[in-house]
Protein chains: 2
Amino acid sequence: MPLATPSTIAGQLANGNAQTFHAKSEGINGTNNGVTSGSSIIQEILARRATAGRLVAGIAAASDSDMFKGSTVGKPKARKWDSHLSREVLERKPCTLKQAARHLKKPGLISLGGGLPSSETFPFAEIAMKVPVAPHFSEQETLEKGQTVTIGKYDVRDHEAVYDLSIALNYGQSTGSAQMVRFLTEHTEIVCNPPYADWQICQTIGSTGALEQALRMFCDKDRNDSVLTEDFSFSTALETIHPLGINVFGSPIDDEGLVPEAMDQILTNWDAASRGARKPHILYTVPSGQNPTGATQGYERRKAIYAIAQKHDVFIIEDEPYYFLQMQPYTGRGQLDVPPPASVEDFVSSLIPTFVSMDVDGRVLRMDSVSKVLVPGSRLGWVVGSEQIIERYQRHAEVASQGPSGFSQVILYKLLDETWGHEGYLQWLMNLRMQYTRRRDALLAACEDHLPQDIVAWTPPAAGMFLWLKVDYSKHPHASTKTLAEVEQEIFDSCIDGGVLVARGSWFLAEKEKPMPGLFFRATYAAASAENMNEAIRRFGQAVRESFGKK
Amino acid sequence: MPLATPSTIAGQLANGNAQTFHAKSEGINGTNNGVTSGSSIIQEILARRATAGRLVAGIAAASDSDMFKGSTVGKPKARKWDSHLSREVLERKPCTLKQAARHLKKPGLISLGGGLPSSETFPFAEIAMKVPVAPHFSEQETLEKGQTVTIGKYDVRDHEAVYDLSIALNYGQSTGSAQMVRFLTEHTEIVCNPPYADWQICQTIGSTGALEQALRMFCDKDRNDSVLTEDFSFSTALETIHPLGINVFGSPIDDEGLVPEAMDQILTNWDAASRGARKPHILYTVPSGQNPTGATQGYERRKAIYAIAQKHDVFIIEDEPYYFLQMQPYTGRGQLDVPPPASVEDFVSSLIPTFVSMDVDGRVLRMDSVSKVLVPGSRLGWVVGSEQIIERYQRHAEVASQGPSGFSQVILYKLLDETWGHEGYLQWLMNLRMQYTRRRDALLAACEDHLPQDIVAWTPPAAGMFLWLKVDYSKHPHASTKTLAEVEQEIFDSCIDGGVLVARGSWFLAEKEKPMPGLFFRATYAAASAENMNEAIRRFGQAVRESFGKK
């Protein structure tokens, strides 16, 4: 059993060392003096770091976003959410052993309190990695001129570094390391800049785990709780909710995702008795590149949804793995491409504001992750929310995940903070945007070439990994005798026979007992080559044609 | 939101490649032909690997222990535990998207089904690490003659390797990678060799997370469930149980931990009405080096406890982080040390059998972890249990942790499997045993030197990290006027004033509302230097003396 014992908080976070440490302070070229996004904020952050001095954060040092944030003067505090929280989460108490750690601050104190191993026994003297230098991100460029970054066991002690293996590989806090909390707090400022004062971040083991924790925090089957989500929603999320004894209800969607008016109607006319559940007090939504529909809520749409959430006092779980997979506008085949963002500032400005960036109440828990933009295998993400919500999240994580892997944290820290810095990371994300734009366009070209457009329709996705293919069931020659589910099965089987796997719309239906609102298939452009996507869509088109009795 | 989509199971596990891959088959010197432990099993495992050929397991390949186990002929199957499981876990269904992945086996199929990123976009070309070569494990030896092990992105494709970054850093199964499942299955065979046929292992994110999952699998507050544990138990475990609405009951302990007769009495005389909870159907126990008491259940004791569990149909959660911190017998100060084990076979034979190794029913879930023996920061452990229990665990992990970090897995795989092999890893553990023996002996010497032995008593721990100091409250001059809790507080405060932190016994009390059975403090020998331990215990002794009015 891993221990959370006093000396696991033996480190201290202080600015006691006057020497500044800002490996990335060179090479930042702000292009604009605006105060809301991009390089100007990066410059502000670098200046703040320079003033603060070297970050000193030892083994399992406690940290929070307030240590690293800019000024929040003039911003209101978030609301309290006791009424929305579950009995389970309200009953959590801080870890006794971690509480005892406050005594470790006493000078000269020797701790026999904590059961954490001596770093001396760790069998890793050094870890090195070869990574790309911004903005030369391709595999080829990495091989040719990538940088080798090394992480020693005692770099903090011996080389005045900020983070090393002796810290990363020991026990840590459930928030994750101070080093990564700093980077992610700053990144959140750059990208989201929440409009209330007491926001915090906490690292997670990825958004799958974060969602499970969030659901246990907000949902109580003894209260007959329920969750509202898109009509078609991420199947794994649905499978997370059901065993908790919580009901899920789908809200209608269009090409921009959730329809605010429909959501308002559902909530306004809620009848707990006929629904068999309390009116939803939680909305689970994927605003950008929704899974499975690929829909992206525009800014006006998000504002409208947020207003409905306020009206009905609904708390929003914003799941945003695809946020940085917002792509260039689709101009159509053979048309001139929209030029890529000219700078990271342009890039950040081009992104649709997040729910948390318009969250005046603190009613949003944003789940973010590096899985779609760096590596899924890191099992590292973070949540952004109000102090109260993040504190409760942390209490839960203390007896569950204990935060992400130290290997993941130190490797990502060295890449993101010390090698790339905020500017370099945003360049990486811009580069990824262009890659996904090319991938999407290749899939769309294949669809235009191979699909019968009188039967199959789609909207070019603005973000994410998925294209949602709508098949017009009403045109099926056996629509009067075969159910929609039967036709879905027939086309799916025929796809497998023909050598293509796509996901079936019914897998994502929020309310399985309700009639299916249409015939859908989900295709991804994330993984296959352009050539394979072309062939796969040709096969899918053939399966549809066969089912519909077309040559 | 990380996706668990069809192509995340794009890899296959097959023995199609005739070329064998056994970097560690040299250098293994079995010393004995016995069939039950140590090198002979290692040789059997190596022979099995040679026959199977190179392990081929791609991105998110499914795997289980049956693929890697030796013969289980003649072993019975485990019992089914539906009656013990919670409604929540019984309602879990396999992940839809992972189920769809069975189609990926079809030759020539192109998948547009899965939302997993292309490895091409991962910004890590190579990771290298400097690690000790067995049996030269010290930090100095590692620096001087350690080995540099590299992990490339496409080692499997380009160099016929077994594991690489393109696999480890993408999505995986909730069991963790096949590569590590193989190593851990074999390790479990060497160390535990469960006596039933259908045992399995599943990787975890460490035992804290594994315990939380296990509790949700077995405990149902709607059923008024309760958990039995040691009178003094790991405080974080208690803090994990309480918010679930589950009651905890303590069972009396002695120097060898749980007293079977007392446990039997409690269960035999259980009165649900007066207890306010159903008779416990779960035992949570730390058999080796228990936290906080440091007690280790001997073999006979374990057999007796197992028999009581059978009698009352109790399922056992065996939490064994300190199993390999079983130390040399304590011979007393200035006495000749017991010679270290002569071979890994001797070493394995010297270990007290685990509950799972005597588990004829499959009524044990063993939680293991590398936190205490390699690095806590890996957040990597594993559970051992029956097929039914592990399958349910996996279903839960699919919508929660999704398994441990890929960085942790690939780094540990390269160290444990390819660099050290089973023999080398056991040598590492032997070396650790000797280190902990020296640490324990230093703390015991300090106690002998500085503690008033008419007031403070202790039993030299046989395993783990903790010494449990029993202070004789009855000899306190104000025993008639001050409560035990008050004296505990007084001594603790005086310790802090004097500059030493020890853990208070009351923090670990399983039933907080019951009177404290004595005055205890927990001290660890894991972290501080011998010199600091000496000084710390001197300070502790002074605090006790002051409270007891002794000079």
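What counts, and at which threshold
- Residues numbered from 1 in each chain as written.
- Chains lettered and ligands numbered in written order.
- Predicted model: local features only at pLDDT ≥ 70, side-chain atom pairs only at ≥ 80, totals over all residues.
- Heavy atoms only, no water.
- Helix = DSSP H or I, 4+ residues; strand = E, 2+ residues; numbered from the N terminus.
- Rg over C-alpha atoms; globule rule 2.2 N^0.38 Å.
- Buried < 20%, exposed > 50% of the residue type's maximum accessible area, 1.4 Å probe, protein only.
- Contact = heavy atoms within 4.5 Å.
- Areas by Shrake-Rupley, 256 points an atom, 1.4 Å probe, with all protein chains shown as cover.
- Lys, Arg positive; Asp, Glu negative; His and termini not counted.
- Charge placed at Lys NZ, Arg CZ, Asp CG, Glu CD.
- UniProt positions renumbered as here; feature names shortened; annotations may be inferred.
- Least-squares fit on C-alpha atoms with pLDDT ≥ 70 in both.
- Pairing = 2+ DSSP bridges.
- Axes fitted to C-alpha atoms, helices over the stretch in contact; angles between N-to-C directions.
- Salt bridge = Lys/Arg side-chain N within 4 Å of Asp/Glu carboxyl O.
- Core = buried A, V, L, I, M, F, W, Y, C linked by side-chain atoms within 4.5 Å.
- Buried area = accessible area lost by both parts, 1.4 Å probe.
- Polar contact = N/O pair within 3.5 Å; in protein donor to acceptor, adjacent residues only side chain to side chain.
- Nonpolar A, V, L, I, M, F, W, Y, C, P; charged D, E, K, R; others polar.

Points about the overall build of chain A
- If you tally the helices and strands in chain A, you get 17 helices and 19 strands.
- Over its C-alpha trace chain A gives a radius of gyration of 25 Å, about what one expects of a compact globule, namely 24 Å for 551 residues.
- Per-residue burial over chain A gives 66% buried out of 551 residues.
- Put simply, of all contacts in chain A between residues at least 6 apart along the chain, 77% involve residues at least 24 apart.
- Element-wise, carbon and sulfur atoms account for 50% of the exposed surface of chain A, whose accessible area totals about 18100 Å².
- Side chains of chain A carry 55 positive and 64 negative charges; the gap between the two charge centres is 3 Å.

Examining the UniProt feature "domain: Aminotransferase class I/classII large" (unreviewed entry) in chain A
- The UniProt record marks residues 203–540 of chain A with the feature "domain: Aminotransferase class I/classII large" (unreviewed entry), using the residue numbering of this structure.
- In the segment residues 203–540 of chain A, helix accounts for 40% and strand for 16%; the C-alpha atoms at its two ends are 40 Å apart.

What to know about the relation of the copies chain B and chain A
- The two copies are related by a screw motion: chain B maps onto chain A through a turn of 180° and a shift of 0.0 Å along the axis, at an RMSD of 0.0 Å. Within this description, the copies of the chain are treated as partners about a two-fold rotation axis. Proximity to the rotation axis, assessed at the C-alpha, singles out B:Ala128 in chain B; its C-alpha lies 2.5 Å from the axis.
- Comparing interface residues between copies, 100% of those in chain B also lie at the interface in chain A; the contact surface is shared.

Some thoughts on the sheet that holds strand S7 (residues 226–230) of chain B
All names here are of chain B.
- Across the sheet, seven strands lie side by side as S6-S14-S13-S12-S11-S7-S8; this open sheet has mixed pairing. Two strands lie at the open edges of the sheet, namely strand S6 (199–204) and strand S8 (247–251), each paired on one side alone. For this sheet, the mean inter-axis angle between neighbouring strands, taken without regard to orientation, is 20°.
- Sheet topology places S6 next to strand S14 (residues 381–386); six bridges connect them, and they run antiparallel. Counterpart to glutamine 200 in the pairing with S14 is glycine 385.
- Helix H14 (residues 387–398) rests against S6, strand S12 (315–319), strand S13 (364–369) and S14 of the sheet, and its axis sits at about 135° to S14.

Structural notes on the pattern of salt bridges
Residue and element names in this part refer to chain A.
- Within this structure, the stated rule accounts for 76 salt bridges over all chains.
- We note a salt bridge from arginine 333 to glutamate 448, for which the minimum N-O separation is 3.8 Å. Here glutamate 448 lies in helix H15 (residues 406–450) and arginine 333 lies in the loop between strand S12 (315–319) and helix H13 (344–350), a separation of 115 residues in the sequence.
- Residue arginine 333 is classed as partly exposed on the basis of its relative accessible area, which comes to 44%.

Side note on the sheet that holds strand S19 (residues 519–524) of chain A
Residue and element names in this part refer to chain A.
- The strand order across the open sheet formed by four strands is S15-S16-S19-S18, and the pairing between neighbours is antiparallel. The two strands at the open ends of the sheet, each matched to only one other strand, are strand S15 (456–457) and strand S18 (503–504).
- In this structure, strand S16 (residues 466–471) lies alongside S19, joined through six bridges in antiparallel fashion. Considered in S19, the bridge of leucine 469 is made with phenylalanine 521.
- The sheet strands contacting helix H16 (residues 484–498) are S18 and S19, and the helix crosses S19 at an angle near 35°.

Thoughts on the nonpolar core
- One finds A:Phe124 and B:Phe124 to be the most contacted residues of the largest nonpolar core, which totals 336 residues.
- Among residues more than four places away in sequence, those in contact with B:Phe124 are A:Met129, A:Lys130, A:Val131, A:Val375, A:Ile411, A:Leu412, A:Leu415, B:Lys153, B:Leu165, B:Leu169 and B:Phe407.

Structural notes on the pairing of S16(A)
All names here are of chain A.
- Taking burial as the measure, the six residues of S16 include five buried ones, the bulk of the element.
- In this structure, S15 lies alongside S16, joined through two bridges in antiparallel fashion. When the bridges of S16 are listed, alanine 457 appears paired with lysine 470.

Things to note about the interface of chain B and chain A
- Of the residues lining the interface, 130 residues belong to chain B; the matching set on chain A comes to 130 residues.
- Summed over both sides, the interface of chain B with chain A buries roughly 9900 Å², with 62% coming from carbon and sulfur.
- There are six salt bridges connecting chain B and chain A.
- Our enumeration of links across chain B and chain A arrives at 45 residue pairs in polar contact (both at pLDDT 80 or more).
- The residue makeup of the side of chain B that touches chain A, split by class, is 70 nonpolar, 36 polar and 24 charged.
- Alignment of strand S17 (residues 500–501) of chain A against strand S3 (residues 110–111) of chain B, held across two bridges, turns out to be parallel. Following the sheet pairing, A:Leu501 is matched in S3(B) by B:Ser111.

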